[in-house]
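Residue-level structural notes
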Amino acid sequence: MGNCCAAPLTEESGKNRPKKQKANPYNVAYNRGAAPPSARPGLLVLRDPTGRDLGAQYELGGELGRGEFGITYLCTESATGARYACKSISKRKLRTPVDVEDVRREVDIMRHMPAHPNIVSLRAAYEDEDAVHLVMELCEGGELFDRIVARGHYTERAAAAVLRTIVEVVQMCHRHGVMHRDLKPENFLYANKKESSPLKAIDFGLSVFFRPGERFSEIVGSPYYMAPEVLKRNYGPEVDVWSAGVILYILLCGVPPFWAETEQGVAQAIIRSVVDFKREPWPRVSEPAKDLVRRMLDPNPLTRFTAAQVLEHPWLHDSKKMPDISLGDTVRARLQQFAAMNKLKKKALRVIAEHLSVEEVADIKQMFDKMDVNKNGKLTFEEFKAGLRKLGNQMPDSDLQILMDAADIDKNGTLDYGEFVTVSVHVRKIGNDEHIEKAFTYFDRNKSGYIEIEELREALSDELDGNDEDIINGIIRDVDTDKDGKISYDEFAAMMKAGTDWRKASRQYSRQRFSNLSLKLQKDGSLSAETR
């Protein structure tokens with residue numbers, strides 16, 4: 001329910017008539033629309049709060065990060081000057097009894113867990129009329145998430161060290177009857193910025209107490225890390241090992257094992273549970289590492305490794321003997337290619353850019369001229385970054401570089417005006433339903449109401465360079481959610497309106513959205529496999 005010390009999120013974040021689109025729960029702007037109703041008078045969340053007046057003991061500073069329910073601030077103890085992180089959860093956001101129980105249980109679980117060097121500690125829990133305030137250990141080293149992005153990959157030895165910490169946390173949780181249910185790189189922070197800094201688990205907002213043999217049916221978690229039995233609504237603590245296995249896969253190759261551009265595509269990939277060991281750098285990864293990934297991502301929770309078995313696996317048990325050589329630049333390159341928009345979406349954005357109104361184009365031209373400090377008609381990365389900062393966009397440098405690389409069509413390291421228009425359409429979400437329909441018409445050359453493989457191949461002919469079949473098939477696989485071999489308008493519009501960066505998408509989950517999706521998959525037979 002929100003990181004306790006993370007960088008602030010930025011908001012990006014037949015031919016049927018377009019249907020009204022529901023809010024995208026993966027967009028970082030989700031739930032940040034109109035002002036919520038006033039706090040619920042008389043609502044008491046915590047069973048045993050430390051106190052009612054946070055300000056009597058602590059002074060809040062700047063914002064450190066925010067999640068779906070809470071905003072985390074730097075927090076200083078008045079008497080000692082000691083610094084902590086304070087997650088303030090507004091009662092206005094606790095709209096249902098489930099939301100209230102989640103916060104209450106998060107505090108109960110953090111108090112229940114014994115002190116552990118790799119679990120963030122809770123110092124105090126205050127509750128006033130407007131909010132619940134959780135005062136926690138401050139972690140200033142950033143997210144595991146960010147270090148993965150900065151490095152692009154880990155050596156096997158470094159990946160083993162990270163995984164050992166994560167699985168030791170899982171083992172500790174399970175020994176004390178706690179299932180985390182939301183393990184992902186964003187929920188692990190480094191205590192400080194040193195390379196040797198301890199890694200700490202945070203955010204027990206979706207965690208739950210469990211008894212041996214108890215089964216759960218509630219759909220919770222983050223899409224890319226969700227085990228298949230969660231979607232089947234029959235699961236236990238084995239889901240935490242699955243999520244840790246997904247993290248290991250990302251550590252070794254830079255991308256998640258189960259990905260698509262729509263939540264239904266993600267869910268179907270998880271159910272299929274086919275792990276790709278063919279793409280780079282997997283041919284150079286050791287067999288013991290791949291064996292452990294397979295055992296952690298076993299779709300059968302009964303035969304999936306337990307935390308104890310993972311820790312005894314030879315790859316972890318003898319981790320100092322594992323290769324300490326880089327897995328290569330391919331991993332970072334793949335991370336960037338993966339996080340960037342796919343070729344169909346990039347082409348569609350350029351088509352939309354060509355259909356902008358005079359007013360929209362004038363606004364973008366003025367922005368480009370302001371950013372182009374040396375007036376040579378091209379934006380360097382530094383100009384692009386400085387310009388966006390002035391406009392209030394606080395995307396991390398790594399994300400800005402990925403965005404610029406995606407827009408830099410001629411790969412000369414700068415953005416000309418045409419490339420800038422395209423990236424502006426993406427960043428500012430200019431594309432409305434009318435724009436999307438024009439882009440769809442561009443691809444649907446024979447007016448059949450679908451984008452077919454030949455039309456896709458023809459439209460992207462100037463984008464492809466030899467391995468076009470893999471790219472075309474990949475686009476169809478990701479966008480064609482009903483698997484009829486062609487792209488309908490609804491599928492195209494969903495692609496245009498969905499986020500394509502798995503790292504941002506994994507920050508948000510929608511309990512109701514995935515619950516509805518699970519029911520839909522049950523009805524269409526996707527979950528017809530025996531639920532274990």
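Because the structure is a prediction, the values reported are computed rather than measured. (Residues numbered from 1 in each chain as written. Predicted model: local features only at pLDDT ≥ 70, side-chain atom pairs only at ≥ 80, totals over all residues. Heavy atoms only, no water.)

What follows concerns the environment of R111. Here R111 is to be found in helix α1 (residues 97-112). Sequence separation between R111 and L122 is 11 residues, and the spatial gap between their C-alpha atoms is 6.9 Å. What R111 contacts, discounting residues up to four positions off in sequence, is D48, P49, T50, L122 and A125. (Helix = DSSP H or I, 4+ residues; strand = E, 2+ residues; numbered from the N terminus. Contact = heavy atoms within 4.5 Å.)

UniProt's feature table lists "binding site: ATP" (unreviewed entry) at K87, given in the numbering used throughout. Take K87: it is sitting in strand β3 (residues 83-90). Its relative accessible area of 1% is what places K87 among the buried residues. Here E106 takes part through its side chain, which lies 2.9 Å from a polar atom of the side chain of K87. (UniProt positions renumbered as here; feature names shortened; annotations may be inferred. Buried < 20%, exposed > 50% of the residue type's maximum accessible area, 1.4 Å probe, protein only. Polar contact = N/O pair within 3.5 Å; in protein donor to acceptor, adjacent residues only side chain to side chain.)

So, on to the pattern of salt bridges. Using the criterion set out here, one finds 21 salt bridges in the structure. A salt bridge links K91 to E127, with the nearest nitrogen and oxygen atoms 2.9 Å apart. Taken together, the residues K91 in the loop between β3 and α1 and E127 in strand β4 (residues 122-127) connect sequence positions 36 residues apart. With a relative accessible area of 1%, K91 lands in the buried category. (Salt bridge = Lys/Arg side-chain N within 4 Å of Asp/Glu carboxyl O.)

Attention now moves to the packing of helix α3 (residues 156-175) against helix α5 (residues 238-253). Two numbers describe how α3 lies on α5: the axes approach to 10 Å, and their chain directions differ by 165°. In terms of orientation, α3 lies roughly antiparallel with respect to α5. For the pair α3 and α5, the sense of crossing is right-handed. Listed contacts from α5 to E156, A159, V162, L163, I166, V167, V170 and H174 of α3 are D240, A244, I247, L248, L251 and L252. (Axes fitted to C-alpha atoms, helices over the stretch in contact; angles between N-to-C directions. Parallel < 35°, antiparallel > 145°, perpendicular 65-115°, else oblique. Left-handed = near helix turned anticlockwise from the far one by under 90°.)

Time to look at the packing of α5 against helix α7 (residues 287-296). It is the contact of α5 with α7, at a shortest axis distance of 8 Å, that shows an interaxial angle of 145°. Note on packing geometry: the crossing formed by α5 with α7 is left-handed. Between α5 and α7, the residues in contact are V241, W242, A244, G245, L248, Y249 and L252 and A289, L292, V293 and M296, respectively. For the contact of α5 with α7, the class distribution of residues is 10 nonpolar, one polar and no charged. (Nonpolar A, V, L, I, M, F, W, Y, C, P; charged D, E, K, R; others polar.)

Quick look at the side chain of H180 now. Its location among the elements puts H180 in the loop between β6 (178-179) and β7 (188-190). By relative accessible area, H180 is classed as buried at 2%. From its side chain, H180 meets the backbone oxygen of I202 in a polar contact 3.5 Å long. Apart from the residues lying within four places of it in its own chain, the contact partners of H180 are N187, I202, D203, F204, L206, S207 and D240.

What follows is about unusual backbone geometry. In terms of backbone geometry, most residues other than glycine have negative phi values and most peptide bonds are trans. In this structure, R233 is a non-glycine residue whose phi angle is positive, near 60°. By the secondary structure assignment, R233 is in the loop between α4 (228-231) and α5. Among the residues examined, R233 registers a relative accessible area of 23% and is labelled partly exposed. Unusually for a residue other than glycine, S273 sits at a positive phi of about 55°. Relative to the helices and strands, S273 is located in the loop between α6 (263-272) and α7. Look at S273 and you get buried, because its relative accessible area is 11%.

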